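The primary structure of each chain is shown beneath.
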Amino acid sequence: MGDIQISELATRITFQEPTIAQDTGGAQVPTYADIATTPTVWARWVNDHGQELVQSNADVSVQRATVTIRDRSDVLETWRILKDGVAWKIITPPDHIRDRNRWTQFRVELVKGTV
């Protein structure tokens, strides 16, 4: 990957990590919350072409994208990101491009099913 320009970081994303919350009945339910340190950052967002799949006789649309941010070592594959209020799952381990401590890149996925 060639070096990117700061001006290409034009998309705001928010990192979230899995956590446990309590519902109104007091039961623990898995959920997500913004990470503690700098949850919202600027990113370079490059969409992949969508895939149409059929799973269990239901049409499923899978969208994927490649996300590049300024280097950070704390990004985990268990996190998800919010883009425009929509949750995307991180599907690849973060790659610190060329180990130069400048950029971190990972792929994300959004799965939408039809009823």
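Anyway, here's the lowdown on the structure attached to this text. (Residues numbered from 1 in each chain as written. Predicted model: local features only at pLDDT ≥ 70, side-chain atom pairs only at ≥ 80, totals over all residues. Heavy atoms only, no water.)

Turning to the pattern of salt bridges, a few remarks are in order. In total, this model carries five salt bridges according to the counting rule given. With a closest N to O distance of 3.2 Å, Glu8 and Arg44 form a salt bridge. With Glu8 in the segment before strand S1 (11-22) and Arg44 in strand S3 (residues 40-47), the pair connects residues that are 36 residues apart, well separated along the chain. Between Glu109 and Arg64 there is a salt bridge, and its shortest N-O distance comes to 2.7 Å. With a gap of 45 residues between them, Glu109 in strand S9 (residues 103-113) and Arg64 in strand S5 (residues 58-70) connect regions that are remote in the sequence. According to the relative accessible area criterion, Glu109 is buried, its value standing at 17%. Here Arg64 falls in the partly exposed class, since its relative accessible area comes to 23%. (Salt bridge = Lys/Arg side-chain N within 4 Å of Asp/Glu carboxyl O. Helix = DSSP H or I, 4+ residues; strand = E, 2+ residues; numbered from the N terminus. Buried < 20%, exposed > 50% of the residue type's maximum accessible area, 1.4 Å probe, protein only.)

Aromatic ring pairs are described here by two measures, namely the spacing of the ring centres and the angle between the planes. Using the criterion set out here, one finds three aromatic pairs in the structure. Between Trp45 and Trp88 the ring centres are 4.9 Å apart and the planes differ by 80 degrees, which places this aromatic pair in the edge-to-face class. Here Trp88 lies in strand S7 (residues 86-90) and Trp45 lies in strand S3, a separation of 43 residues in the sequence. Residue Trp45 is classed as buried on the basis of its relative accessible area of 13%. One aromatic cluster is present, formed by Phe15, Trp79 and Phe106 through successive ring pairs. Between Lys83 and the ring centre of Trp45, over which it is positioned, the NZ or CZ distance is 4.7 Å. (Phe/Tyr/Trp six-rings, centres within 6.5 Å; stacked < 30°, edge-to-face > 60°. Lys NZ or Arg CZ within 6 Å of the ring centre and 35° of its normal.)

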